[in-house]
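Coordinate inspection notes
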Amino acid sequence: MTRVFSNTATTSVWLSYFLRPPSPSVVTPNRLPFSPFSTAHHKQKFSTLIAMDARISVSTKEVSQGLDVANEEELASQSKLLKEFASLSTIDRAWVFESDNGGSSRAMFSIGQPNLLGNKKRTHVLSSHIAKESNGSVSFQWAPFPVEMSGVSTIVPSPSGQKMLVIRNQENDSPTQFEIWGPSQMEKEIHIPKSVHGSVYTDGWFEGISWSSDETLIAYVAEDPFPSKPVFDGLGYKKTGSTEDCNSWKGQGDFEEDWGETYSGKRRPGLFVVNIISGDVHIVDGISKSLSVGQVVWAPKNDDLDKYLVFVGWPSDCGSEKIVRKLGIKYCYNRPCALYAVKASVHKPETDKLETKGDRTEDMTAAINLTQDISSAFFPRFSPDGKFLVFLSAKSAVDTGAHSATDSLHRIDWPSDGKPHISLKLVDVVPVVKCAEENCFPGLYCSSFLCNPWLSDGQTMIMSSYWRSSQVIISVNVLSGRVSRVTPNSSASWNILALDGDNILSVSSSPVELPEIKYGYSIERKEWNWLDISSPVSKCSMKVRSMLSSLQFSVMKIPVRDASVDLTDGAKTPYEAILVSSKTRKSGACDPLIVILHGGPHSLLLTNFSKNHAFLSTLGYSLLIVNYRGSLGFGEEALQSLPGKVGSQDVNDVLAALDHVIEMGLADPSKVAVVGGSHGGFLTTHLIGQAPDRFVVAAARNPVCNLALMVGTSDIPDWCYVEAYGGSEGKNYFTEAPSLDHLHVLYNKSPISHLSKVKTPTLFLLGAQDLRVPVSNGLQYARALKENGVEVKVIVFPNDVHGIDRPQSDFESFLNIGVWFNKHFQ
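Residues numbered from 1 in each chain as written. Predicted model: local features only at pLDDT ≥ 70, side-chain atom pairs only at ≥ 80, totals over all residues. Heavy atoms only, no water.

1. Details of the overall build of the protein chain
Where we set the bar: The secondary structure listing takes helices from DSSP runs of H or I that are at least 4 residues long and strands from runs of E that are at least 2 residues long, numbered from the N terminus. In this analysis, two residues are considered to be in contact whenever any of their non-hydrogen atoms come within 4.5 Å of each other. Using a 1.4 Å probe, accessible areas were evaluated by the Shrake-Rupley method; residue-level cover was limited to the displayed protein chains.
Tallying secondary structure elements over the protein chain gives 17 helices and 40 strands in all. Taking the intrachain contacts of the protein chain between residues at least 6 apart in sequence as the baseline, contacts between residues at least 24 apart amount to 66%. Carbon together with sulfur atoms contributes 50% to the accessible area of the protein chain, which is approximately 34200 Å² in total.

Structural data, given as structure tokens:
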């Protein structure tokens, strides 16, 4: 049986270090050990450095199979550089716990690193002892080596830090394994058969794993058990009760809708509780089968010692009588959801069919809807004293149909007797910001909350949020609603990892700076000070460090061109573009420019470090990363200005940003490339059609090329209507059976309507398992370009979904982008 670590001895040593840290040694807090702007950068240096690097070899025989021989040398040299970036580690999560001795704490970091040969993500854990000195200095004493979490689906420490839950989701019919680890050994192992439930959800959205306060119970979300299926043999159908044997087979049974992209084949998320003392596992009663469950937390105990759970529930019909299916939910915050409370009264399932009572409203065990007056509620968090429940809402997205929009924060004052009911009052804490004034708070844009986001006053939450083109850390007083920016007024991006009492553990990076751990502390919460923490994470070679140090970046405000009088104030305000460039120019010439476009369209590209973007920069390109109107982080009016105008407003915004840097003398109009994925691919293919003389070369990852085709094949057909027609109008028009008039509008909004004008050589990177923008969309457009004599290259990744983010696929994608661009800029 596979363990969480390589062997029990190693496990014990590691857990002993984490739970009982060794005597601290003297470690001096370290500042950034290098300046990111210390040396020059140009293509000659890139060639020299590549020639010097003999550590990674590429077999010519392997490369030459099915490839243009002329590209072999370019593939070989670029792959060496890309491997340098691809091998960098990233900090995914962190936890901090108090130590037994005062003045110190313990930290545990979950580190991710691509495993190219294994084509999967390698996860390891690195621990550290945090020593706080009387003079205010802080030092981190790191464990000598990280420990790989082989075969582990997720880990969740208990609130006290004295126990660790390790979950292993097994393939096929093998049981799911729960392991409870103590300071020195595994204390309990529980195997849960598929007849009870399937895999535990660890996806970060439905995922909900919560320890009870006494650390004896764990609530979690897992797939419902497999439904029974018909059995057939040589004589035909076998009656109920028959079992499958070597002379029979199981049929498929009824088709069951799933939640689309990345959830293909996964069954409804249900709520379960495991008692780690007895090993008993129970389904939580009272939840309707029409709800998908996620993000569960334990409610504070009441006087009668009843245990309640609070969870998020998503209705199967997406909250509309008109919709008869589950629409795609990945990245789609516009799916209605609510907070529910349910007693943790449980029963053991004794049959394959688990009955619940959630539809019987008169039953006292039925789940209670706590947020009936609001269309969206998720990320529930109780205050430390249990007096109020705070949650995030995407009601703007739900109400308008935009897949993501400006968030709002709300509070429910929890009953003093601990017994929830449907008439609890909702209090608005942070409302939706419509028009963001310059340099002021633009609204909430949160992709996650910490499990424990509270400072010691019990009323201040610390969270990460988008602030125009950067990510920042903010504090929110949930009683007064006051929002304050915690991180410095720099252009870098900051993400919170964990709280260490009233101090903040975070990571900061920029397009030209590798992620660095930062430790924040404040005096009376008035001004925050930040320490640079030296760590073993994100170490890189001197070659990469030298290349990055020769780059610079800036955030540019792009004025809105031809702003009509009917635009809202927010839609008239400047948007932003991030320019990454070399610090030096050779003979005054500009490096070729790559315009990089994000998907969504309601998302953004941040001023953080991106391995792939850094790779393209160090090839000798400048990057123009455009956060056009409709992006997150700029207020709701700017965001809502785009639906109904895709293919025109967003295209014009990108061209205006390009003109802006050309007019400033920062780009050569004859040396411009463009790349984007999803809606960024929609823009890429629109641009090469609407402005065919402006781009030398293009690349598109799973692009939206034909809305009229996509609407009948995508897991989010409603998106096509909302973005083509506009929010409320698109929601009203949406149907699974588009009319001829609808198809005409969708076609005219699509890049394919401009296909006859395209002459730009274009690379297509397509995931064959993509449910969001099915592979047929890109293939149709690419084939049509070939008909017109345009140079086209297509790479299809047979096992990839929309993101094309499996390590080998991601590597091959950007390697081919680099080679494709270099080929056409020679």
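2. Some words on the sheet that holds strand β7 (residues 164–168)
Counted only if it meets this: For two strands to be treated as a pair, DSSP must find at least two bridges joining them. Between the N-to-C directions of two axes lies an angle of 0 to 180 degrees, each axis being a line fitted to C-alpha atoms and, for a helix, fitted only over the stretch in contact.
On the basis of which strands lie adjacent, the open sheet formed by four strands has the order β6-β7-β8-β9 and antiparallel pairing. The open sheet has two edge strands, β6 (154–157) and β9 (186–192), and neither has a second partner. Pairs of neighbouring strands in the sheet enclose a mean axial angle of 15°, with direction left out of account. Two elements, β6 and β7, share four bridges in a ladder whose sense is antiparallel. In the strand pairing of β7, Thr 154 is matched with Ile 167.

3. Topic: the sheet that holds strand β12 (residues 231–233)
One open sheet holds the three strands; their spatial order is β13-β12-β14, and the pairing between them is antiparallel. Looking at which strands have only one partner, the edges of the open sheet turn out to be β13 (236–238) and β14 (248–250). On average, adjacent strands in this sheet sit at an angle of 35° to one another, irrespective of strand direction. Here three bridges tie β12 to β13, and the two strands are oriented antiparallel to one another. Counted as the bridge partner of Val 231 is Lys 238 from β13.

4. Overview of the packing of helix α4 (residues 72–86) against helix α6 (residues 542–549)
This is how it is decided: Between 65 and 115 degrees an angle is taken as roughly perpendicular, under 35 as roughly parallel, over 145 as roughly antiparallel, and anywhere else as oblique. Under this grouping Gly is polar, as are all residues other than the nonpolar Ala, Val, Leu, Ile, Met, Phe, Trp, Tyr, Cys and Pro and the charged Asp, Glu, Lys and Arg.
Between α4 and α6, the shortest axis-to-axis distance is 10 Å and the interhelical angle comes to 90°. Taken together, the axis directions place α4 and α6 in an arrangement best described as roughly perpendicular. On α6, the residues that touch Lys 80, Leu 81, Glu 84 and Phe 85 of α4 are Lys 543, Val 544, Met 547 and Leu 548. Looking at the contact of α4 with α6 residue by residue, the classes come out as five nonpolar, no polar and three charged.

5. Some points on the confidence of the model for the protein chain
How we decide: What pLDDT conveys is the predictor's confidence in a given residue, as a value from 0 to 100.
Within the protein chain, residue pLDDT values average 87, and 88% of them lie at 70 or more. Considering only residues more than four positions removed or in separate chains, one finds that residues 346–362, a stretch of pLDDT under 50, has 33 contacts.

6. Focus on the environment of Phe 311
Turning to its location among the elements, Phe 311 is positioned in strand β18 (residues 308–315). For the pair Phe 311 and Ala 367, spaced 56 residues apart in sequence, the C-alpha separation works out to 9.6 Å.

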